[in-house]
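Read off the chains here:
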Amino acid sequence: MQNVIAINAQASQSIIAAQATSDDMLLESIADGNRTSMHILYCRHNVRVYRFILRIVRDATTAEDLVSQVFLDVWRTAGQFQGRSQVSTWLLSIARFKALTAMRQRRFEDIDQEDVRQIPDSCDTPETSLDRSDTSAILRACVAKLSPAHREIITLVYYHEKSVEEVGQIIGIPQSTVKTRMFYARKQLAELLKGCGVERFAA
């Protein structure tokens, strides 16, 4: 009985120690086949990865499947991580690739501005705007109407708090292009918000 207690205590200490470990160290451990480290990394980042993918594919079931694929790739390729970016940035890069591949397979990649305009506008009338007192819901609705490229930039910068440099790494474009897209994305978002009667975010 004492042996069992000792083993359980040791296991608990290992989990606590792993939880306090940095993402980079967790990846090193995962590369060595440590499943506890894999579990902790998954717990830390799965929700963020899921939300990021969901904003691209717009389908919960597909997003859940892709999250599993992302972390399976992490398990298989942890040893290839070179530390040139944050682990979270690396994860979102993998997630983006998976999501865009899924979109191509579903033939949704060529969504253009005309398709975006066809999205029902829940903020068309003053009455609707008044009814929707939750400004965060209005903001999400407006972000959803942005073009895929602009929506991606806004999502990474504001929802995932990524820097211009990190966004460039995730998407695979120059920082100057990130800044240009951010400028036009914010301009378009401001117009959408103004149309919904949300002046303070549109400024």
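Residues numbered from 1 in each chain as written. Predicted model: local features only at pLDDT ≥ 70, side-chain atom pairs only at ≥ 80, totals over all residues. Heavy atoms only, no water.

- Per an unreviewed UniProt entry, the protein goes by Sigma-70 family RNA polymerase sigma factor and derives from Bradyrhizobium hipponense.
- Entered under Sequence similarities (unreviewed entry) in the UniProt record, the comment concerning the protein runs "Belongs to the sigma-70 factor family. ECF subfamily." (UniProt positions renumbered as here; feature names shortened; annotations may be inferred.)

Some words on the side chain of Asn 46
- Of note, Asn 46 is situated in helix α3 (residues 35–57).
- Judged by relative accessible area, which is 18%, Asn 46 ranks as buried.
- The contacts of Asn 46, once residues within four sequence positions are left out, are Val 67 and Phe 71. (Helix = DSSP H or I, 4+ residues; strand = E, 2+ residues; numbered from the N terminus. Buried < 20%, exposed > 50% of the residue type's maximum accessible area, 1.4 Å probe, protein only. Contact = heavy atoms within 4.5 Å.)

A word on the pattern of salt bridges
- On inspection of all chains with the given rule, the structure shows three salt bridges.
- Residue Lys 98 is joined to Asp 73 by a salt bridge in which the shortest nitrogen-to-oxygen separation is 3.0 Å. Linking Lys 98 in helix α5 (residues 87–105) with Asp 73 in helix α4 (residues 60–77), this pair joins segments that are 25 residues apart in sequence.
- Assessed through its relative accessible area of 15%, Lys 98 is described here as buried.
- Notably, a salt bridge pairs Arg 96 with Glu 152, separated by 2.4 Å at the nearest N-O pair. Linking Arg 96 in helix α5 with Glu 152 in helix α9 (residues 148–159), this pair joins segments that are 56 residues apart in sequence.
- On the basis of relative accessible area, Arg 96 is assigned to the buried category, the value being 15%. (Salt bridge = Lys/Arg side-chain N within 4 Å of Asp/Glu carboxyl O.)

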